[in-house]
Amino acid sequence: MEIKEERSSEEARQFFPSSQLDSVGEPQFTSIQRIANEPKLEFSLACKDLVAAGRDRKLSAFVQVSVAHPAEPVVTRHSSTEIVEGTKDPLFLTGVTFPPEYPIYEETKIKLTVYDVKDKSQDTVRTSVLPDHKEPRADVGRSFLGCATFRVGDLVKSKEQQLTLTLRTSDGGKTVGTIEVNLMKMGELDEGETDHITADTQDQKCALVRECTATEGIGGKDNLPSLNAVLRNPVCKLYRFPTADNKWMRIREQMAETTLSFHVPKELINLHIMEDMRRNQELKDLGELAPHWDNMRRSVIAHCDQMLSMYQDTLAELGKHTGSSFKSSCSKGEKTLEFIPVNLHLQRMHVHSPRLKDALYDVITVGAPAAHFQGFKNGGLRKLLSKFEAERRNTGYQCIYYSPENTAKAKEVLSNISHLQPLISSHADLLLSSASQRSPDSLKNSLKMLSEKTELFVHTFKDQLVRSALLALYTARPGCVLKKAAVPRGSAEEGADAQHQDHPSQMKRQDSIPHHSEYDEEEWDRVWANVAKSLNCLIAMVDRLLEKDNTSMKEGENEPPAEDGKVLHTGGDWHEQLYPLVITLKDCMAEVVTRARQSMAFVLLQELACGLPQCLMLTLRRDIVFSQALAGLVCGFVIKLHTGLHDQGFLQQLHTVGLLVQYEGLLSTYSEEAGMLEDMAVGISDLQKVMFKVIEAKSEDFLPIITGRREHYVIEVQLPAKMFELLPQEIKEGKLLHTYPVLFNVGINEQQTLAERFGDTTLQENINQENLELLKEYYKLFTEKMPPDCLPHFQEQNDLKGLLESLHQNIQAKKRKNVEIMWLAATICRKLNGVRFTCCKSAKDRTSMAVTLEQCSILRDEHQLHKDFFIRALDCMRRIWNISRENVLKKKKELRPVTIQKITPQDSWL
């Protein structure tokens, strides 16, 4: 059953006046003093000696909890327990919680109403939100048994912190049993043997559970400020299950939304807008072109401006968004939210075992990154990109074909130009400033920085692409004549000249362009080399100045001081001697930048012109999918970093090897989900171009900062000063941290059955095989750079090489719905300190089933869960009241009837 959603904090404040108000006529109430960020009140329930309406049937009871403020006549529904079948003494596994912001006081009254469910198949979520003063009709499948009321102050102040209340019928006459209310506090669990609370009926589960909404457990107190910046509305529940040696283990499940669902896409779209504006301006700055190319440029700029306007409109709409910090599944087809991931949540299990070290198991759950609004009629990105690339190769005489690698290289050159040119100018100005101050040490340091950046700048243009693109651009001018450079046979450049033959042959397409000028192919080499020559001249001059200064200082030591007491400098004015050389360097660099920028912009023009409008639509689709994938990745990285701050082995692995990120896909390869899987595969692969950098926060804003461009992004994760000091020196100095995303998909629903019998599963097989190779590469890198003692230690340490081999065999076996692939991949990920993701279409049903099965398997394999209680623990976690099923209902945001039923392990993947 589903309970009525609680009032928002604002509505609650209106309904329950704060005890701090000082208004005339308002009664003052006694607040319940609790620790910050912890629930105001928590209690568990159990009934005894319930009286059934009929003698021949067993009871199936649940309790509905309502709240009445002493100053208001209204009774508000708050929550309900699960149904316990077949006993007159039900012990309810679900507790009752009031979150920290809930305005509850000692004078508040709580009403407990017990119902008997006659037919669970008819008792749906709608029946739990009937008006409080009315009893449910018999035709909805349940009947009223009795109710009791108590004051919160009576429970809090009771000696045993327990109340035993009599249940009476609605008229207050007949007694139908008793109900026990036990006050609960975080961490207070019995440590005794398990057999003394074993249930005496088949349907009673040997587990205790309660809810809380505190952030405690998600991170320590020092972590709270930075984690609260990215996590919202945490919900947690607590269980205890027996171990193999009849001791209790304690399990706390937690689920939280994240503000990164909207923050990351908005930051990313803003970067796209700035990048596209620069590209459009670069196209306009190409200069005069022949009519054919000029018309092409006009068409490309017009389409790009339309796309830019769409990005700006989307960003404006997202800026207006208020309310939930995640996108529910019913909104996945909305255009204004297409950059937002579906149902992005953190799901954590904290295990406290009697004889084992506490352990945390995190899973990020999210809907598969996919362009739902654009649809999947023609497939997903994997197929669309392949088809587009094949079509570009056959563009005829419209434009020049450049490979995706060359196009990416052009974007990289443009990015390096934008980054390095201002840095070189800045270091050159610092050099002149040091010369004015006549400071030798400062001059040396400035020259060193200038030399390093200038060498990087020169190296950027060594690529053959720049030379060939300049030639192509020249042929696109209103008139050109090619002048063949004389190159001796057998020279080192003979091979390079042979490579040039591709482009001149393509240039014949523009034979109509009049050839009334000459182009010297060696001119670019001279312009490019002038930068290095200018730098060498500058270095030589600095060396001479420093040498003369050193000589004059030695001579000054042997000569008597001048009459005015000043030291004579025979080297003249350093600034005057360096200034002309610095100006020459800047001029040479500006000439190189102008030519290189135009040539690379011409390459991008070809990419866009060859596929309008498909090229821009594919870019949009890829941006959408990448935005969804990146939001999840940033969330996973931030959570993993906070969890591993005190793990020196993990921190060493982070900056030495990088972070493994494993995605568990549950999509089928049938119909639209095949397109979603294609989108998801490309989006996750694109995450390889993302790197992280950890910085110290300079304000109270701890949200990550995103910089870069489409081919390369850097995510700056901000930490408070105390947490930042815990990091290794390499990370504190700004070392970029790599991520290694891998995806393994196994379709598990009925659509996958159709795909396996009548369709094609090649897509899934190829994805799994490709990502297995990536996983092996990461493992090889890990073993080469990390000592073996950095691996997490479990109860039974499995051999990673053996797990990888087993994963390889299972992938090669091509077995139907082989969920062993998922378990092996997840185990390898955890043993390599990786981040785990579980994804299906909307991160609801299949995802929740997979996560709960994984959690119970971990309890069994790593924490000695009693073998007889595996199914019971799984059933308890999967109850519609428990966190994963509650997660499903929360994400659907719908009030349609949901039949209450048990879910068995056999249903896990169906």
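What counts, and at which threshold
- Residues numbered from 1 in each chain as written.
- Predicted model: local features only at pLDDT ≥ 70, side-chain atom pairs only at ≥ 80, totals over all residues.
- Heavy atoms only, no water.
- Helix = DSSP H or I, 4+ residues; strand = E, 2+ residues; numbered from the N terminus.
- Buried < 20%, exposed > 50% of the residue type's maximum accessible area, 1.4 Å probe, protein only.
- Contact = heavy atoms within 4.5 Å.
- Areas by Shrake-Rupley, 256 points an atom, 1.4 Å probe, with all protein chains shown as cover.
- Salt bridge = Lys/Arg side-chain N within 4 Å of Asp/Glu carboxyl O.
- Polar contact = N/O pair within 3.5 Å; in protein donor to acceptor, adjacent residues only side chain to side chain.
- Phe/Tyr/Trp six-rings, centres within 6.5 Å; stacked < 30°, edge-to-face > 60°.
- Lys NZ or Arg CZ within 6 Å of the ring centre and 35° of its normal.
- Disulfide = S-S within 2.5 Å.
- Expected span 1.5 Å × (residues − 1).
- pLDDT = per-residue confidence, 0-100.
- Core = buried A, V, L, I, M, F, W, Y, C linked by side-chain atoms within 4.5 Å.
- Patch = residues over 30% accessible without salt bridge, like charges linked within 9 Å, V, L, I, M, F, W, Y side chains within 5 Å.
- Pairing = 2+ DSSP bridges.
- Axes fitted to C-alpha atoms, helices over the stretch in contact; angles between N-to-C directions.
- Parallel < 35°, antiparallel > 145°, perpendicular 65-115°, else oblique.
- Left-handed = near helix turned anticlockwise from the far one by under 90°.
- Nonpolar A, V, L, I, M, F, W, Y, C, P; charged D, E, K, R; others polar.

Caption draft 1: Examining the overall build of the protein more closely. Counting its regular elements, the protein contains 25 helices and 22 strands. With 910 residues in all, the protein has 54% of them scored as buried. Once local pairs closer than 6 in sequence are excluded, the contacts in the protein between residues at least 24 apart make up 78%. As presented, the protein carries roughly 40,700 Å² of accessible surface, and 49% of it is formed by carbon and sulfur atoms.

Caption draft 2: Here's a closer look at unusual backbone geometry. Residues Leu612 and Pro613 are joined by a peptide bond in cis, for which omega reads -5°. Within the secondary structure, Pro613 is located in the loop between helix 13 (574-609) and helix 14 (614-643). Its identity as a non-glycine residue notwithstanding, Asn833 has a phi of 60°, on the positive side. Along the chain, the position of Asn833 falls in the loop between helix 22 (820-831) and strand 22 (835-840). Overall, Asn833 belongs to the buried group, its relative accessible area being 8%.

Caption draft 3: Spotlight on the pattern of salt bridges. Under the definition given, this model contains 29 salt bridges. Between Asp362 and Arg348 there is a salt bridge whose closest N-O contact spans 2.5 Å. Of the two residues, Asp362 sits in strand 14 (residues 359-367) while Arg348 sits in strand 13 (residues 345-352), which places them 14 residues apart along the sequence. On the basis of relative accessible area, Asp362 is assigned to the buried category, the value being 17%. You can call Arg348 buried: its relative accessible area is 1%. Here the salt bridges share partners, and the residues they tie into one network are Glu275, Asp276, Arg279, Asp623 and Arg710.

Caption draft 4: View of the side chain of Gln662. Take Gln662: it is sitting in strand 17 (residues 659-665). Polar side-chain contacts of Gln662 include one of 3.1 Å to the side chain of Arg836. When sequence neighbours within four positions are dropped, the list of residues in contact with Gln662 reads Val742, Phe744, Ala825, Ala826, Cys829, Val835, Arg836 and Phe837.

Caption draft 5: Here's a closer look at the packing of aromatic side chains. Counted under the stated rule, the structure contains eleven aromatic pairs. With a centroid separation of 4.4 Å and 20° between ring planes, the pair formed by Tyr663 and Phe837 is classed as stacked. Of this pair, Tyr663 sits in strand 17 while Phe837 sits in strand 22, and the two are 174 residues apart along the sequence. There is no split in this pair, since Tyr663 and Phe837 are both buried. Sitting over the face of the ring of Phe650, Lys640 holds its NZ or CZ atom 5.4 Å from the ring centroid. Between the NZ or CZ atom of Arg860 and the centre of the ring of Phe870, over which it lies, the distance is 4.9 Å.

Caption draft 6: The arrangement of the state of the cysteines in detail. For the structure on display, the rule yields one disulfide. The disulfide bridge from Cys399 ends at Cys610, spanning 2.0 Å between sulfur atoms. On the S-S bond that ties Cys399 to Cys610, the torsion sits near 130°, and the link is right-handed. Of this pair, Cys399 sits in the loop between helix 6 (381-392) and helix 7 (404-437) while Cys610 sits in the loop between helix 13 and helix 14, placing them 211 residues apart in sequence. Among the residues examined, Cys610 registers a relative accessible area of 15% and is labelled buried. The cysteine Cys840 is free of any disulfide, with Cys839 supplying the nearest cysteine sulfur at 8.0 Å.

Caption draft 7: Summary view of helix 22. Helix length check: helix 22 (twelve residues) gives 17 Å between terminal C-alpha atoms against 16 Å at 1.5 Å per residue, within 8%. Among the twelve residues of helix 22, ten are classified as buried, and the element is accordingly described as predominantly covered. Listed as buried for helix 22 are Ile821, Met822, Leu824, Ala825, Ala826, Thr827, Ile828, Cys829, Arg830 and Lys831. In the segment just after helix 22, Asn833 is the residue with positive phi, at about 60°.

Caption draft 8: Representation of helix 8 (residues 440-460) in the model. Relative to the 30 Å expected for 21 residues at 1.5 Å per residue, helix 8 spans 30 Å between its end C-alpha atoms, a close match to the ideal helical length. Of the residues making up helix 8, those classed as buried are Leu443, Ser446, Leu447, Leu450, Ser451, Thr454, Phe457, Val458 and Thr460.

Caption draft 9: Molecular detail of the confidence of the model for the protein. Taken residue by residue, the protein gives an average pLDDT of 79. The fraction at 70 or more is 77%. Here residues 186-219 is a poorly scored stretch, pLDDT under 50, and it has 110 contacts once near neighbours within four places are set aside; other chains count. Within the model, pLDDT remains below 50 along residues 484-517, and this stretch shows 48 contacts once partners closer than five positions in the same chain are excluded.

Caption draft 10: Geometry of the nonpolar core. One finds Phe457, Phe461, Leu578, Met600 and Phe602 to be the most contacted residues of the largest nonpolar core, which totals 84 residues. A per-element tally of this core places helix 13 first, with 16 residues. With near-sequence residues (within four places) excluded, Phe457 lies in contact with Leu420, Ile424, Val531, Met589, Val592 and Val593. Counting residues in each nonpolar core, the second largest holds 59 residues, with Ala629, Val634, Phe637 and Ile715 among its members.

Caption draft 11: The arrangement of a nonpolar patch on the surface in detail. Taken together, Tyr670, Leu754 and Phe758 make up a surface patch of nonpolar side chains, about 320 Å² in accessible area. Relative to the assigned elements, Leu754 resides in helix 19 (residues 750-758).

Caption draft 12: Local environment of the pairing of strand 20 (residues 712-719). The buried count for strand 20 comes to seven of eight residues, which makes it a mostly enclosed element. The sheet contact formed by strand 18 (residues 690-696) and strand 20 spans seven bridges and is parallel. From the neighbouring strand, Glu696 faces strand 20, where its bridge partner is Leu719. Here strand 19 (residues 705-709) runs beside strand 20; their pairing, made up of five bridges, is antiparallel. Note on strand 20: the bridge partner recorded for Ile706 is Ile715. Where strand 19 folds back onto strand 20 in an antiparallel hairpin, the turn is made up of two residues.

Caption draft 13: Spotlight on the packing of helix 21 (residues 800-813) against helix 22. Interhelical geometry of helix 21 versus helix 22 gives an angle of 155° and a closest axis separation of 9 Å. Taken together, the axes of helix 21 and helix 22 are roughly antiparallel relative to one another. Handedness of the crossing formed by helix 21 with helix 22: left-handed. Between helix 21 and helix 22, the contacting residues are Leu800, Leu803, Leu804, Ser806, Leu807, Asn810 and Ile811 on the first element and Glu820, Ile821, Leu824, Ala825, Thr827, Ile828 and Lys831 on the second. Residue composition of the contact of helix 21 with helix 22, by class: nine nonpolar, three polar and two charged.

Caption draft 14: Seen up close, the environment of Pro70. Within the secondary structure, Pro70 sits in the loop between strand 2 (60-68) and strand 3 (75-80). Each C-alpha atom, one on Pro70 and one on Glu106, is 9.9 Å from the other, the two residues being 36 residues apart in sequence.

Caption draft 15: Just the pairing of strand 7 (residues 142-151), in detail. Within strand 7, seven of the ten residues are buried, leaving the element largely enclosed by the surrounding structure. Where strand 6 (residues 109-117) lies against strand 7, nine bridges are found, and the strand directions are antiparallel. Pairing of Val114 across the sheet is with Gly146, part of strand 7.

Caption draft 16: Region of interest: the packing of helix 9 (residues 464-475) against helix 13. Taken N-terminus to C-terminus, the directions of helix 9 and helix 13 make an angle of 80°; their axes are 8 Å apart at the nearest point. As the angle between them shows, helix 9 and helix 13 are arranged roughly perpendicular. Residue-level contacts link Leu465, Val466, Ala469, Leu470, Ala472 and Leu473 of helix 9 to Arg595, Gln598, Ser599, Met600, Phe602 and Val603 of helix 13.

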